[in-house]
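Breakdown of the fold
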Amino acid sequence: CVENETNLFYTQPANGILGLAPLGKNKASFISMAKEKGLIDKEIFSICFDVSGGYITFGGFNTKYHNGGIQYIPYSAGNMYKVTLSSYQIANDETKSISSSFYTVIDSGTTLTYLPSSLAKEILTGIKSYCNRNNFCYATYSSGCFKPNNGVSRIDVIRNLPNIYLLLGDIRMIWESKNYVTN
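The paragraphs below set out a description of the structure included in this document.

What counts and how
Residues numbered from 1 in each chain as written. Predicted model: local features only at pLDDT ≥ 70, side-chain atom pairs only at ≥ 80, totals over all residues. Heavy atoms only, no water. Patch = residues over 30% accessible without salt bridge, like charges linked within 9 Å, V, L, I, M, F, W, Y side chains within 5 Å. Areas by Shrake-Rupley, 256 points an atom, 1.4 Å probe, with all protein chains shown as cover. Salt bridge = Lys/Arg side-chain N within 4 Å of Asp/Glu carboxyl O. Helix = DSSP H or I, 4+ residues; strand = E, 2+ residues; numbered from the N terminus. Buried < 20%, exposed > 50% of the residue type's maximum accessible area, 1.4 Å probe, protein only. Contact = heavy atoms within 4.5 Å. Core = buried A, V, L, I, M, F, W, Y, C linked by side-chain atoms within 4.5 Å.

The grouping of Leu 18, Phe 30, Ile 56 and Phe 58 at the surface amounts to a nonpolar patch, some 310 Å² of accessible area in total. Its place among the elements puts Ile 56 in strand β2 (residues 55–58).

Now the structure itself:
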């Protein structure tokens, strides 16, 4: 659990963070400028999310970083890359539609997932409900964290938390517990 924010992002020296989003509606982006200059063949980029850091490729995708087919999610135009999140499912529970589809931001420079507080609470309630039916996931929920029971490792708790399935555009994405919980 993240229990405090140290503002390191604001105080650390620049380390190569590159803004990829358009500068505004109908304005050039890094990707469109790279295509225009002939640096890349296609005006696309791919992000491979991975617990060890992930990868980004400009102008296409690199098959050595993917375990399956490539999935494309259309994004909303504007000054950031936003995709529609319309529903979620916790483990094999009923799929829950999000009352009003909203856009979630795809940001390769962000290390945490941000959700509207009402949706975050709803998902947390679903996770706790799942755990109540499954040996409490070998943990006690307290102060915003799942704390391992005596004799249980944090890794074992993470392994016992449910996967969450998100519908982003038309793509069903698996959000494994090891990717939504910090160790």
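Scanning the model with the defined rule gives three salt bridges in all. A salt bridge links Arg 133 to Asp 93, with the shortest nitrogen-to-oxygen separation between them at 2.7 Å. In this pair, Arg 133 is assigned in helix α3 (residues 117–133) and Asp 93 in the loop between β3 (82–90) and β4 (96–105), connecting sequence segments 40 residues apart. For Asp 93, a relative accessible area of 25% gives the class partly exposed. Salt-bridge contacts for Glu 176 lead to Lys 178; the nearest nitrogen and oxygen are separated by 3.5 Å. The class for Lys 178 is partly exposed, based on a relative accessible area of 49%.

Secondary-structure assignment places Ser 29 in the loop between α1 (8–11) and α2 (30–36). Excluding residues within four positions of it along the chain, Ser 29 makes contact with Leu 20, Ala 21, Pro 22 and Tyr 81.

The next point concerns the nonpolar core. Core analysis: the largest hydrophobic core is formed by 21 residues, its most contacted members being Ile 127 and Ile 164. Sorting the residues of this core by element identifies β3, β4, α3 and β7 (164–168) as the ones contributing at least two each. Element by element, the count of residues in this core is highest for α3, at five residues. Excluding anything up to four places from it in sequence, Ile 164 contacts Gln 89, Ile 90, Ile 123, Ile 127, Met 173, Ile 174, Trp 175 and Tyr 180. Listed in part, the five residues of the second largest apolar core include Leu 20, Ile 31, Ile 40 and Tyr 81.

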